[in-house]
Amino acid sequence: MKKKNKKFRYSNAGSKKEKLRIYKFASEYNLPTEQIIEFLQKKGYEVKNHMSILSDEMESDVREHFKKDIEKAEQHYKKISEFQKKRSGGEEPKREEKSEAETKEEPRIVELPESEEKQDKTDTEEVLETQTEEVAAAEEKAEQAETVETAPKEEIQTESDKFKTPAERELENRKKGLKIVGKIELEKDKKKEKEEKAQSEKQTEPHVVLEDKKPKTADETAGEPAKKKKKKKLKAKSKGKEDKVEEVVSKKKRKLKKLQVDKKEVEEAIKRTMMSLDDSSVSERASLRKKKKKEKQEQLERIIEQKELEQKKLKVAEYIAVGELANLMGVSVNEVIQKCIGLGLMVSINQRLDFETIELIASDFGFEVELEEEYLSDLIEEEDDPGESLKPRPPVVTIMGHVDHGKTSLLDFIRRTNVVAGEAGGITQHIGAYKVALEDGKEITFLDTPGHEAFTAMRARGAQITDIVVLVVAADDAVMPQTVEAINHALAANVSIIVAINKIDKPNANTEKIKQQLAERNVLVEDWGGKYQCVELSAKTGKNVDLLLEKILLEAEMLDLKANPDRPARGAVIESQLDKGRGITATILVQKGTLRISDPFVAGTAYGRVRAMFDERGNKVKEAPPSTPVLVLGFESTPQAGDTFAVVESEREAREISIKRMQIKREQEHRQVRHMTLEEIANQISSGGIKELPIIVKGDVDGSVEALSDALMKLSNDEVSVKVIHKGVGAISEGDVLLAAASGAIIIGFHVRPNSNARKLAETEKVDIRLYNIIYDAINAVKSALEGLLSPVVSEELVGAAEVRQVFKVPKVGTVAGCYVTDGKITRNGKVRLYRDGIAIYEGQLESLKRFKDDVREVEKGFECGLNIANFNDIKVGDVVEVYKTVETKKTLS
Ligand SMILES: Nc1nc2c(ncn2[C@@H]2O[C@H](COP(=O)(O)OP(=O)(O)OP(=O)(O)O)[C@@H](O)[C@H]2O)c(=O)[nH]1
C-alpha cells in the first residue's frame, strides 16, 4: 500500500503543488535541503525533515529567500534543455536558431541580394513603363524620352521627400549604394537646409553616409522621427516583405510619371538625369560584367559539354573484362553483370566481353564505344594472303568443360598415345599447347588452357585462336555451369564444337541424358539429328579417343583450314613466363607464316628477336609453320597471354611499335584509373557504399597471376570488394607503382620483386608492396587487410556505476558529488554518463575522482567517493553516474 501511495504522490508531484516536498523542491533548484529546513524552521514553520510537504506559503518564502540560487538553477535548466535539444534533435535546433537569427536580421543580410535583383527588375519595369507613357503623353523624340526615362528614378528620390518613405529610401539605398541615397538626403535637405547644401558636398557627404548607414535596418528606420502619416504606413510595410514595398514603389512610380508632364519637373528631371549619369554608367558596367559572366558561363558549359561527350565515348579494346568496362563507365560491376544477364550472358567480373556485347552494354549506360584496335592494324599492316599461297594446316583444338569432367585426363591420354616414335625425346613440358602427330601423318594442335573458372579470360582469347572446341561432359554427371559457359564461348567465337561425352566406362554413365541436356542448350548432336559431332569415350580407358581424333580431323577438313606458310609469322601468345635460366619466355601459337630463329617480332607491348625455339618436349625447333606452338626465347619484356605476335622487318621497327603500343596501353591504364582514385574510395566509404581494396598482382607465370587474382577477387563480400586493377607477368615496375599510387592500391608480387627504381618510387609514393612465394600466404594477407577495412563493431562496456548521495558546491571546482559505488568500479579516465530517472542527461569525462581528500584512479563497488564531471555541474542527489568504455571489435570475413 505504501508503495502505491508513493507512486501516486510522485506521479502527482508535478501537477499538485501542495504535494511538493522539500527534498523535491531542493533537488529541483539544486538547493541544500538542510538550509531550506533551517530557514523554514526559523520562520516558524513546522518542518520535520526533507520529506515534509512544502505549502504555497512556505514555497514563496523559500523562493524569496533563495531567489538568487533559484535563478541560477533556472539558468542551468535552460542550458540543459538546450543541450538536450541539441543532442536529441541533432542539428535541427541549431538550424532553427539560425533561421530565427536570419529572420531577425533579414532586412540586413538576407534581403540585400534579393533587393538587388528586384532592383534590376524594377529598373527595367520602370524603363518600359516610362517609355510607353512618355511616348503616349509627350510624344517626344527618342533622346528626350531617354532623358525622361531616367527621370522617374530621380523623381522617386526627390519626391520621396513628400511621398516616399524610409522604406523606399531603404530600397533605394540598396539599389544605388551610398552616393545615391546621399542624393535623396540632399533633396530632402534642400527645403530645410539650403545653406548647408550650398556649402559643399564634402560636408554633406559624411552626414549622408551617417544617415545612410542607419536606415539599413528597418528597426532603425522606424526609430527615425515620425514625419507624415503616409510615411508611417509605409514604414510599417517596409518591415514586411520587400515585394510589398516594391508594389508600393511601382504604384508611386506611376503616380510620379504622371507628374512628370510638368515642365518644372522636366527641368528637374534633366538635372537628375545628369546626376544619374553615374548611375547609368554603373548599370552599363554591371551589364558588361553580366555579359562577361554569361560568356564565361557559356564557355564553361561548352567545356563541360565537351568533357561529357568525351567521357561518354569509350575507347575499348575487344575482350575488355566486365570489371574493366564497369570501371571505364564509372558504374558498379554489379550493374554491368546485371545488364549481361539481361542479354542472356552469365558473366563473372573477370570475364572478357566481345565488342558487340560491350557496345550493347555501354549504350545502355549512354556511352558510345570506339574499338581501339589493341595496338594493332595501324601499326602492323595485315596482308591478305593470295589464295594459291594457302596450304592446309592442322586444326587448333581447345578442350573445354566443367571441372572434373576429364579435360586433363583426355589431353594426357592423347599426348601419351600419340607421340610419334623418335620424337619422344625429353620430358613433356608444360607450355600451354602441343601438337600431336597421328599415324597417317596428320597433326592436331591442342591448346592446354586450364579449365578452371579463373582462366576465363584466357579461354575467351583461346577461343579466338581455336578452330574446334572439344566439349567434355562427364556421362555420370550433367551439363554444368562451366559446360554452358564453354558452349557460349564457342558459339560466340563461331567455333566448331565436337561433343566428347566422357567417363562412359562408369556404371552410372548416362549419355542420353547428357545429349538431352545439351539439346536444351541448343547443342543438338548428330544422333539427335543435329550438326554437332559427338563421341562417347573414356579418357581413362582410352575407348573411342581415336574416334575423337578422327572426328577432329574430319571437322578440320570440312573447315578447310589453310594458311600461308611462306610469309612473316603471325600468331598469338598462349602463355608467358619468367624463367630463371632463360629469362622471359612465351609460348607462341603460329597461325600464319613460318617463325624462324632470329626473326624480330612484336607481341603486344613486348618485342624482341627469336633467340631459340622449343617444342613441348624441350626439343630445339628451327622453324615453326602454321598451327605450331613453340616456346620462344628472346623477349625484351613480358607479353601477356592473348597478345598478338607478329614478325616485323627489323628489331628497330619492333622496338618502335612496342613503344607506341606502350603509350596506348598507358593511356588505357590511365583511363582505367580514372574511377579508382582515393577520393572515389573515400566517397564510397563515407556514403556507406562498397569499400574497395584495389590490388595490383604481379607474378612469374601467367597462370599463377590469373589464379591469384581470381582467388583474391573471391575474397570480396558485401562490405568490401577486392578489385584487381592490373595484373601481369614480370618484375614490379615503376609503372605498377605509379598505378598503385594513383589508385590507392597495394601491389602483390608472387615470386617476383620490384626493381630498384620501383622500390625507390614505392618508398616515396608510400605504396605498399607485398611479396609472397606461397599463394596461400598472399590470400591470407589480403584477407586480413580486408578485415582491417571492415568497419569495426563498436560496443559499450559498463565499467561501473555510482549513486549520487550528496552534492557539494565547491568554489572554483563546481559541483562535487558524493557517491556510493553500486556496481563495478568508477575509474578516473573512463567515459561518464549521468542518468536522472533513468534518462541519460549528460555524457562526458570525469574531472576528478577522490577517496576522502586523495585523488584516486578508481573506486571499487561498495565504497564512497567524490567526483566531479568536467564542464557539468548540474548533478543532483539521486542521479546515477555510469562509467563505461567503448570496445572496438574487428569484424572478420568468415
Ligand atoms: N572413370 C573415369 N574417370 C575419369 C575419366 N576421365 C577422367 N576421370 C577422372 O575424373 C577426375 C577428374 O579428371 P580431370 O581430367 O582432372 O578433370 P578436369 O576436367 O581436367 O578437371 P579440372 O582440371 O579440375 O578442371 C580424375 O580423377 C580422373 O581420373 C574417365 O573417362 N573415366
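- In the annotation of an unreviewed UniProt entry, the entry for the protein reads Translation initiation factor IF-2, and the organism field reads Melioribacter roseus.
- UniProt annotates the protein under Sequence similarities (unreviewed entry) with the comment "Belongs to the TRAFAC class translation factor GTPase superfamily. Classic translation factor GTPase family. IF-2 subfamily."
- Looking at the protein in UniProt, the text filed under Subcellular location (unreviewed entry) is "Cytoplasm".

## Some words on the overall build of the protein
(1) Moving on: Looking only at helices and strands, the protein features 29 helices and 30 strands.
(2) Moving on: Put simply, the protein has 894 residues, and 45% of those count as buried.
(3) Moving on: In the protein, of all internal contacts separated by at least 6 residues, the share reaching a separation of at least 24 is 71%.
(4) Moving on: Total accessible area on the protein is roughly 48900 Å²; 50% of this is exposed by carbon and sulfur atoms.

## Observations regarding the sheet that holds strand E8 (residues 496-502)
(1) Moving on: Taken together, six strands build an open sheet; the order of strands is E5-E6-E4-E7-E8-E9 and the sheet is mixed. With one partner strand each, in any of the chains shown, strand E5 (433-437) and strand E9 (533-536) form the two edges of the open sheet. Each adjacent strand pair in this sheet contributes to an overall mean axis angle of 25 degrees, direction not counted.
(2) Moving on: With five bridges connecting them, E5 and strand E6 (residues 443-447) associate as antiparallel partners. Within E6, the residue paired with Ala433 across the bridge is Leu447.
(3) Moving on: On the sheet, helix H23 (residues 545-559) packs against strand E4 (396-401), E6, strand E7 (468-474), E8 and E9 and is oriented at approximately 170 degrees with respect to E9.

## Here's the deal with the site of the ligand
(1) Moving on: Every one of the 15 residues lining the ligand counts as a neighbour, but Lys407, Thr408, Ser409, Asp505 and Ala539 are closest to it.
(2) Moving on: A distance of 3.3 Å separates an oxygen atom of the ligand from a polar backbone atom of His405.
(3) Moving on: The backbone of Lys540 places a nitrogen or oxygen atom 3.2 Å from an oxygen atom of the ligand.
(4) Moving on: A total of 640 Å² of accessible area belongs to the ligand in isolation, and the protein chains cover 70% of it.

## Regarding a negative patch on the surface
(1) Moving on: Negative charge collects at one region of the surface, where Glu295, Glu298, Glu301 and Glu305 lie side by side.
(2) Moving on: Inspection of the secondary structure assignment puts Glu305 in helix H15 (residues 263-311).
(3) Moving on: Residue class for Glu305 comes out exposed when judged on its relative accessible area of 52%.

## Here's the deal with the sheet that holds strand E17 (residues 628-635)
(1) Moving on: Spatially, six strands are ordered E11-E12-E17-E15-E14-E18 in a closed barrel, and the strand pairing comes out antiparallel. Pairs of neighbouring strands in the sheet enclose a mean axial angle of 45 degrees, with direction left out of account.
(2) Moving on: Here four bridges tie strand E15 (residues 606-614) to E17, and the two strands are oriented antiparallel to one another. Directly across from Phe614, in E17, lies its bridge partner Leu631.

## Details of the nonpolar core
(1) Moving on: Counting residues in hydrophobic clusters, the biggest one holds 26 residues, and the most contacted among them are Leu410, Ile444, Phe446, Val470, Leu548 and Ile552.
(2) Moving on: Only E4, helix H19 (407-417), E5, E6, E7, E8 and H23 provide two or more residues apiece to this core.
(3) Moving on: Counting residues per element, this core draws most heavily on H23, at six residues.
(4) Moving on: Once residues lying within four places of it in the same chain are set aside, the contact partners of Phe446 are Val397, Ile399, Leu411, Ile414, Gly432, Ala433, Tyr434, Val436, Leu549 and Ile552.
(5) Moving on: Formed by 22 residues, the second largest nonpolar core is a distinct cluster that contains Leu314, Leu325, Ile337 and Phe365.

## Focus on the packing of H19 against H23
(1) Moving on: Contact pair H19 / H23: the axes reach a minimum separation of 11 Å and the direction vectors enclose 85 degrees. One finds that H19 runs roughly perpendicular with respect to H23. Of H23, the residues touching H19 (which contributes Leu410, Phe413 and Ile414) are Val545, Leu548 and Leu549.
(2) Moving on: Tallied by class, the residues present in the contact of H19 with H23 amount to six nonpolar, no polar and no charged.

## Digging into the pattern of salt bridges
(1) Moving on: One pass over the structure, following the stated rule, counts 26 salt bridges.
(2) Moving on: Of the charged contacts in the structure, one is a salt bridge between Lys442 and Glu557, with a shortest N-O distance of 3.5 Å. Placement of Lys442 in the loop between E5 and E6 and of Glu557 in helix H23 is noted, with a sequence separation of 115 residues between them.
(3) Moving on: Classification of Glu557 by relative accessible area gives exposed; the value is 53%.
(4) Moving on: In this structure, Arg833 and Glu843 form a salt bridge, with 3.0 Å as the shortest nitrogen-oxygen distance. Note that Arg833 is positioned in strand E25 (residues 831-836) and Glu843 in strand E26 (residues 839-851), a separation of ten residues in sequence.
(5) Moving on: Given the relative accessible area of 11%, Arg833 is considered buried.
(6) Moving on: Residue class for Glu843 comes out partly exposed when judged on its relative accessible area of 30%.
(7) Moving on: Residues joined in a network through salt bridges with shared partners are Glu512, Lys515, Asp527 and Glu536.

## With respect to the environment of Val767
(1) Moving on: Secondary-structure assignment places Val767 in the loop between helix H28 (756-765) and strand E22 (769-772).
(2) Moving on: Taking the C-alpha atoms as reference points, Val767 and Ile747, 20 residues apart in sequence, are found 7.7 Å from one another.

## What about the environment of Glu860?
(1) Moving on: For Glu860, the position within the fold is in strand E28 (residues 858-860).
(2) Moving on: Separated by 59 residues in the primary sequence, Glu860 and Ala801 place their C-alpha atoms 9.8 Å from one another.
(3) Moving on: Excluding residues within four positions of it along the chain, Glu860 makes contact with Val821, Gly824 and Lys825.

## Quick look at unusual backbone geometry
(1) Moving on: Here the phi dihedral of Asn522 falls at roughly 70 degrees; this positive angle occurs in a residue that is not glycine.
(2) Moving on: Relative to the helices and strands, Asn522 is located in the loop between helix H22 (511-520) and E9.
(3) Moving on: Despite not being glycine, His751 has its phi angle at roughly 65 degrees, a positive value.
(4) Moving on: Note on placement: His751 falls in the loop between strand E21 (746-750) and H28.

Analysis parameters
Residues numbered from 1 in each chain as written. Predicted model: local features only at pLDDT ≥ 70, side-chain atom pairs only at ≥ 80, totals over all residues. Heavy atoms only, no water. UniProt positions renumbered as here; feature names shortened; annotations may be inferred. Helix = DSSP H or I, 4+ residues; strand = E, 2+ residues; numbered from the N terminus. Buried < 20%, exposed > 50% of the residue type's maximum accessible area, 1.4 Å probe, protein only. Contact = heavy atoms within 4.5 Å. Areas by Shrake-Rupley, 256 points an atom, 1.4 Å probe, with all protein chains shown as cover. Pairing = 2+ DSSP bridges. Axes fitted to C-alpha atoms, helices over the stretch in contact; angles between N-to-C directions. Near = heavy atom within 4 Å. Polar contact = N/O pair within 3.5 Å; in protein donor to acceptor, adjacent residues only side chain to side chain. Patch = residues over 30% accessible without salt bridge, like charges linked within 9 Å, V, L, I, M, F, W, Y side chains within 5 Å. Salt bridge = Lys/Arg side-chain N within 4 Å of Asp/Glu carboxyl O. Lys, Arg positive; Asp, Glu negative; His and termini not counted. Charge placed at Lys NZ, Arg CZ, Asp CG, Glu CD. Core = buried A, V, L, I, M, F, W, Y, C linked by side-chain atoms within 4.5 Å. Parallel < 35°, antiparallel > 145°, perpendicular 65-115°, else oblique. Nonpolar A, V, L, I, M, F, W, Y, C, P; charged D, E, K, R; others polar.

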